[in-house]
Amino acid sequence: MHLDDRLFHDKKLYLPLLIVVLILPWLPLGQAGPYVIRIATLTLLYMVLAQGLNVVPGFTGLLDLGYVGFFGIGAYTAALLTIHYHWSLWLILPLAALNGALWGVLRGAPSLRLTDDYFAIVTFGFSELIILVIKNELWLTRGPMGIPGIARPELFGVVLDQPWQTYYLILFLLLLVLWVVVRIRNSRLGRAWFAIREDEIAAECVGINVARYKIIAFALSAAIGALAGAFYARWFRFVHPDMFKFWESILILCLIVLGGMGSISGALLGALLLIPLTEVLRIILPSEFSSARYLLFGLLIVVMMRWRPAGLLPVERE
Amino acid sequence: MPTTLLEQSSLFLQQFVNGMTLGSIYALIAVGYTMVYGVIQLINFAHGEIYMLGAFLSFSLVSGFFGVGLPFVLAVTIAVLVCALAGVLLDLVAYRPLRRSPRLAALITAIGMSIFLQNLALLIWGGQIRSFPRAVIPVFLFAPALQFGEVVVSWLQVVILLTAVILMVVLQLIVHYTRLGRAMRAIAQDQTAAALMGVNVDRVVSYTFALGSGLGGVAGILVGLYYNAVYPTMGYLAGIKAFAAAVLGGIGSIPGAILGGGILGLAEVFGAGYISSSYGDGIAYAIMILVILVKPAGLFGRPSSNKLYRG
């Protein structure tokens, strides 16, 4: 069993964790309550994103520097469908994920034979192009004006307008994503990905259809990113091209570098440590320096790669 | 809108001059990417930040940001030397410890350093756009050097083009006719074999970083003067475009980087002028992706460095 899996199988560990997460909105936090729930919601959102990104660099060993592109695709898909057709969130979520997966495949298929740095560069360029299109095609996306007034999420006709309700919504999505990711990781598919990560040529030689398995990884990863984006659009109720800058890709990458690439619990831990820290720094630092908090992320990446490249919760290599 | 043939052709010529100016700057930056990639197969993402550092240091030294204002030539010289040193330090601190790690680790570190340096500049100099004070820059730079009808070539453009050409020639001489250059080429071919033949790999890599970063610093200063704007994120886009130039020319190839820079500069200016100004930056991304997907070796590169298909 993966070391990483103990979190999900060891009841002594995960039950108390689950209870803390479930009762968090009901803790007596007083004035700070809504704010704490907001940060917790954001943290869970980034946990979803980290899980999605982890599939490509973590499981198949290909560095994705443009993950925010899928986040943006999901957010804009949800925003446009909501604004124009007023569809239910529960119809939009799968559609956004599907659209994300489509773009993941479109990006992945031509880059199948690329490795290492060239793959990273293509992912980066692709995501920058997506954001550029979003910024410039005013007829579709309103460009730099953004799309305001997106309807809140709803469930069985009830509008989820309380912070705790959206908190439970993203928690549900996170658990769903975790269930999928853990199941797939421990399946034949997951083993094929690890084989590709460790040695692509050897994997090909033992009969693994490398192209097919890579495409599945790209699709899954992109779908999760777009799912998170769809939630984000409905939660934040506003989308803008500047929300999907290169920084975001790096921030998400930073989460899985900290936790340990390929480690599912590591990606959760990375988000748990860094996202609240980001928010706290945003408040503590004077406004002109608040963007300089990225300095810490840059430094963190360098330090991790130097002294603990496998992350805080490394995966066991068999 | 230009209507007559004369107006159109002079617009075209003016765009060509502007494109070549921009292209020679991209070439100066691209050479830094390509040299480092040639010797240690690393995309030095933080190279754009060295270029930004060149612009900021020269700005600070001439405008007295650090307390004393220096004469222009002295300030520029110091800025270039500090950039070269910064490149060497960058390698020593961040990349050298990872020489034997998987390539992904070094690549991620390079991205981390890029973000670190960019935000360090933000902390030191703030986010606003800085301009060189006109009084300290030699006046003649802004005067027209050549004028054919509507087409104006400023002295600054002449200086940029000449600087780029001279530095490229010097660089080619270093690479092809000195011991250092021979060592660099040896390492690029086969690092282990070079080390066995007595080449001090670490030292040569340091010199490579110094040369590339110095050129990047020069490019930063030239751009700072050309657009008269210096800001912490300037290295990001310029770095990407120069990297696209290096990829287009064939990463690892110095003549390729020069040609790629020229093409990128022209494509950007003409693309913005004749196709769409809002997608100006997109041209660089599109060229970069297309080259990688269709012809990863670029125009002059050695056949793919891709380990799977090396054959």
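Everything numeric in this text was worked out from a predicted model, so none of it was measured. (Residues numbered from 1 in each chain as written. Chains lettered and ligands numbered in written order. Predicted model: local features only at pLDDT ≥ 70, side-chain atom pairs only at ≥ 80, totals over all residues.)

(A) Structural view of the overall build of chain A. Along the backbone of chain A there are 14 helices and four strands. Against the compact-globule benchmark of 20 Å for 318 residues, chain A has a radius of gyration of 19 Å, which places it among compact chains. A principal-axis box enclosing the C-alpha atoms of chain A has dimensions of 55 × 50 × 45 Å. Taken across its 318 residues, chain A has 50% of its residues classed as buried. (Helix = DSSP H or I, 4+ residues; strand = E, 2+ residues; numbered from the N terminus. Rg over C-alpha atoms; globule rule 2.2 N^0.38 Å. Buried ≥ 20, exposed ≤ 12 C-beta atoms within 10 Å, placed from the backbone.)

(B) Summary view of the nonpolar core. Membership of the largest hydrophobic core comes to 203 residues, with the highest contact counts inside it found for V48, L227, C254 and L255 of chain A. Discounting chain neighbours no more than four positions away, the residues touching L255 of chain A are Y46, A50, A267, G270, A271 and L274 of chain A. (Core = buried A, V, L, I, M, F, W, Y, C linked by C-beta atoms within 7 Å. Contact = placed C-beta atoms within 7 Å.)

(C) Highlighting helix α2 (residues 47-63) of chain B. Residue and element names in this part refer to chain B. Between its first and last C-alpha, α2 extends 25 Å over 17 residues, near the 24 Å set by a 1.5 Å rise per residue. For α2, the buried fraction is high: 16 of the 17 residues fall into the buried class. Looking at the residues trailing α2, positive phi occurs at G64, about 75°. (Expected span 1.5 Å × (residues − 1).)

(D) Region of interest: the interface of chain B and chain A. Of the residues lining the interface, 36 residues belong to chain B; the matching set on chain A comes to 36 residues. Put simply, the parts of the chain that give the side of chain B that touches chain A at least two residues each are α4 (103-125) and α11 (280-294) of chain B. Top contributing element to the side of chain B that touches chain A by residue count: α4 of chain B, with 15 residues. Partitioned by chemical class, the residues of the side of chain B that touches chain A number 25 nonpolar, eight polar and three charged. (Nonpolar A, V, L, I, M, F, W, Y, C, P; charged D, E, K, R; others polar.)

(E) Quick peek at the pairing of strand β1 (residues 144-148) of chain B. All names here are of chain B. The element β1 is largely exposed, with a buried count of zero among its five residues. Where β1 and strand β2 (residues 151-154) come together, four bridges link them in antiparallel fashion. Paired with F148 across the two strands is V151, which belongs to β2. (Pairing = 2+ DSSP bridges.)

(F) View of the confidence of the model for chain B. All names here are of chain B. With 96% of its residues at a pLDDT of at least 70, chain B reaches an overall mean of 87. Put simply, β1 is where chain B has its lowest mean pLDDT, 79, and helix α3 (residues 72-95) is where it has its highest, 94. Low pLDDT, under 50, characterises residues 304-311; the predicted model gives this stretch 15 contacts beyond four residues in sequence or across chains. Overall fold confidence (pTM) sits at 0.89, and the ipTM for the predicted complex is 0.87. (pLDDT = per-residue confidence, 0-100.)

(G) The environment of G229 of chain A, seen in detail. Residue and element names in this part refer to chain A. Along the chain, G229 falls in helix α11 (residues 210-236). Classification of G229 as buried rests on a count of 32 C-beta atoms within 10 Å. Put simply, G229 and G69 are 160 residues apart on the chain and 9.7 Å apart in space, counted from C-alpha to C-alpha. Setting aside anything within four residues of it in sequence, one finds G229 in contact with F70, F71, G72, I73, G74, A75, A78 and A96.

(H) Spatial organisation of the packing of helix α9 (residues 188-198) of chain A against α11 of chain A. Residue and element names in this part refer to chain A. Running from amino to carboxyl end, α9 crosses α11 at an angle of 110°, the nearest separation of the two axes being 10 Å. Accordingly, the angle class assigned to the pair α9 and α11 is roughly perpendicular. Between α9 and α11, the contacting residues are L189, A192, W193 and I196 on the first element and V210, Y213, K214, I216 and A217 on the second. Class assignment of the residues belonging to the contact of α9 with α11 gives a composition of eight nonpolar, no polar and one charged. (Axes fitted to C-alpha atoms, helices over the stretch in contact; angles between N-to-C directions. Parallel < 35°, antiparallel > 145°, perpendicular 65-115°, else oblique.)

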